[in-house]
Amino acid sequence: MNGLHPEHIAYSYAAIWKMNPDKVCLTAKLYRIYNKILKGYADSSATVCRALLAGQSFRTTGTIKNQAGSHANGGAMRIAPIGLAFRHLTQPPPLQDTTDDNNHSPPPLLREVVAEAIAATHVHPEAIDGATVIAFFVGRCCLKPRPEDFQFLETIKEVRSLCETEEMKNRLQIIEEKWQERKKEREMEGGEGKQERKTKEEMDKEDREMAGLLSSQWFQLRAVDAVGVALWLFGRHGLPGGVEVVESECCSSISSRGEECLVRAVAIGGDTDTIACIVGAMLGALYGSSWIPVRWYDKMENGERGRDYVIALAERLALLDLKSIDSPLSDANDKVEAFKSSLFGK
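Novice: Sorry if this is basic, but what is going on with the overall build of the chain here?
Specialist: Of regular secondary structure, the chain possesses 16 helices and zero strands. Here the chain holds 346 residues, and the buried ones make up 46% of them. If you take every contact in the chain between residues at least 6 apart in sequence, the share linking residues at least 24 apart comes to 71%. For the chain, the exposed area adds up to about 17,400 Å²; of that, 53% sits on carbon and sulfur atoms.

And the structure:
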C-alpha cells in the first residue's frame, strides 16, 4: 500500500491496549489487578480505545472526554515513528530568494500528517504543536549523516514556523535565548574545551532551573511542557559539543553521551517516562542503536509483540520514505478492515 492510513495508527494504539496482560508479563498483570486498567492506561485513553474497538471513527474519539481535546503529551510521546517515516518532509523547500526569511521555513505538510496521526486521542492545538516539534526533530536527525552536522539552534528556529500556539512558540523562544546565552558564555571563556569545569550537581541544578522555566507545572503533563524540557536536555547533553565539561566525567563517546543524556531525562523528575521516551527517540534518530546499553533491553519481555517484534517493526519503519498520508476513502475500507483483522485476530 502506498502512503499511510491514519486508521492504522489509531487501531494499532487500540490493539496494544486490548492485549491480554496475562500473556505479556507478570508486572502488567499485577498492575491491571491493582488499577483495573489494562497496561496502566489512563481512563481517558482507555475510553478512546474502547470507542475505537466499538467502531467509532478515530476522527471523533479525540473529543470524547473534552470538546477542546487533550493538551497532554501522549501524542508527542509516541510520534517518533511518524518523524522517521516522513523524515523528508522536514527538509525546507529550495531557496528561491535568500533575502526572504519565509523561504527557510519547512513545508507545512508535516503538521498535517502529525495531526492525522494523533487525531484519535489528541486534537488540541498544543498537543499537535508538541507532536509536530518532536516529529520534526526526529526526521531532521535521521537526515544527518554525521551527528556533528546537526544544528540544534537552527532547527529550533525552523520548527517554530510550524507551530500555531503561543505556548509552544514561547518555549522554543526560551530555549533559543538560553542557548545563545550559553554560546556567548563559552566564547568568553575561551571556546570549546576551555570553559570552566562544572560538577554534576551544578549541571543538575541548572537543568532543574531550566525545566522550571519551560514547564507550567512540575509534572509535565502538557505537551508543550514535556517537549520543551525534552528538547533542552537533548540539546545540552545529547549533542556533540552540547555538553559542558563535568568534573570527573567524560561524555566524549556516543555511547556515554547517549546514556548520560537519557539518564538525566529520567532524573529531571515529573513525567519522567514521557520525557525519557521523547529524548530517547531523538537520540536514536541521530545516533542509531549502537549506543544503547545491552543491560537496558536484554531482559525485556519478549512474548507476543515483545522486544524482537518491536525491533523488527522499527527496522521496517526505517525503510519507509513517505511523502503523504492517505485520507480514508471508500475504496480503502477493505484494506483498513484487513489491517484491523491482522491486529485483532478476527
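Okay, back to it.
Novice: Can you walk me through the environment of Arg 160 in this structure?
Specialist: Topologically, Arg 160 is positioned in helix 9 (residues 152-160). C-alpha separation for the pair Arg 160 and Val 133, spaced 27 residues apart in sequence, amounts to 7.9 Å. With residues up to four places along the chain from it excluded, the contact list for Arg 160 reads Lys 169, Leu 172, Gln 173 and Glu 176.

Novice: Sorry if this is basic, but what is going on with the packing of helix 11 (residues 200-214) against helix 12 (residues 223-238) here?
Specialist: When two helices pack together, their arrangement is captured by the angle between the axes and the distance separating the axes. The N-to-C vectors of helix 11 and helix 12 enclose an angle of 150°; their axes lie 9 Å apart at closest approach. Considering the angle they form, helix 11 stands roughly antiparallel to helix 12. Between helix 11 and helix 12 the crossing geometry is right-handed. Between helix 11, through Met 203, Glu 206, Asp 207, Met 210, Ala 211 and Leu 214, and helix 12, the contact on the second element is made entirely by Val 224, Asp 225, Gly 228, Val 229, Trp 232, Leu 233, Arg 236 and His 237. Tallied by class, the residues present in the contact of helix 11 with helix 12 amount to eight nonpolar, two polar and four charged.

Novice: How should I be thinking about the side chain of Thr 165 in this particular structure?
Specialist: Along the chain, Thr 165 falls in the loop between helix 9 and helix 10 (166-188). Looking at Thr 165, its side chain comes within polar contact range of the side chain of Asp 129, at 2.6 Å. Apart from the residues lying within four places of it in its own chain, the contact partners of Thr 165 are Pro 125, Glu 126 and Asp 129.

Novice: Help me understand the confidence of the model for the chain, please; the structure alone is not making it clear to me.
Specialist: Low-pLDDT portions of the prediction should not be read for the details of their coordinates. Summary statistics for the chain give a mean pLDDT of 79 and a share of 72% for residues scoring 70 or more. Long-range and interchain partners of residues 342-346, a stretch whose pLDDT sits below 50, account for twelve contacts in this model, where long-range means more than four residues apart.

Novice: Would you mind going over the pattern of salt bridges with me for this structure?
Specialist: In a structure, side chains of opposite charge can pair up when their charged atoms sit close to one another. Tallying each qualifying case throughout the model produces 22 salt bridges. With its nearest N and O atoms 3.6 Å apart, the salt bridge here joins Glu 167 to Arg 222. Here Glu 167, found in helix 10, pairs with Arg 222, found in the loop between helix 11 and helix 12; they are 55 residues apart in sequence, far enough to count as distant. Three or more residues joined by partner-sharing salt bridges are found here, namely Lys 200, Asp 204, Glu 206, Asp 207, Arg 236, Glu 260 and Arg 264.

Novice: Teacher, can you tell me more about the side chain of Thr 132 here?
Specialist: Turning to its location among the elements, Thr 132 is positioned in helix 8 (residues 125-142). Taking relative accessible area as the criterion, Thr 132 reaches 0% and is therefore assigned buried. Excluding residues within four positions of it along the chain, Thr 132 makes contact with Leu 110, Arg 111, Val 114, Val 159 and Leu 162.

Each value, and the rule that gives it
Residues numbered from 1 in each chain as written. Predicted model: local features only at pLDDT ≥ 70, side-chain atom pairs only at ≥ 80, totals over all residues. Heavy atoms only, no water. Helix = DSSP H or I, 4+ residues; strand = E, 2+ residues; numbered from the N terminus. Buried < 20%, exposed > 50% of the residue type's maximum accessible area, 1.4 Å probe, protein only. Contact = heavy atoms within 4.5 Å. Areas by Shrake-Rupley, 256 points an atom, 1.4 Å probe, with all protein chains shown as cover. Axes fitted to C-alpha atoms, helices over the stretch in contact; angles between N-to-C directions. Parallel < 35°, antiparallel > 145°, perpendicular 65-115°, else oblique. Left-handed = near helix turned anticlockwise from the far one by under 90°. Nonpolar A, V, L, I, M, F, W, Y, C, P; charged D, E, K, R; others polar. Polar contact = N/O pair within 3.5 Å; in protein donor to acceptor, adjacent residues only side chain to side chain. pLDDT = per-residue confidence, 0-100. Salt bridge = Lys/Arg side-chain N within 4 Å of Asp/Glu carboxyl O.

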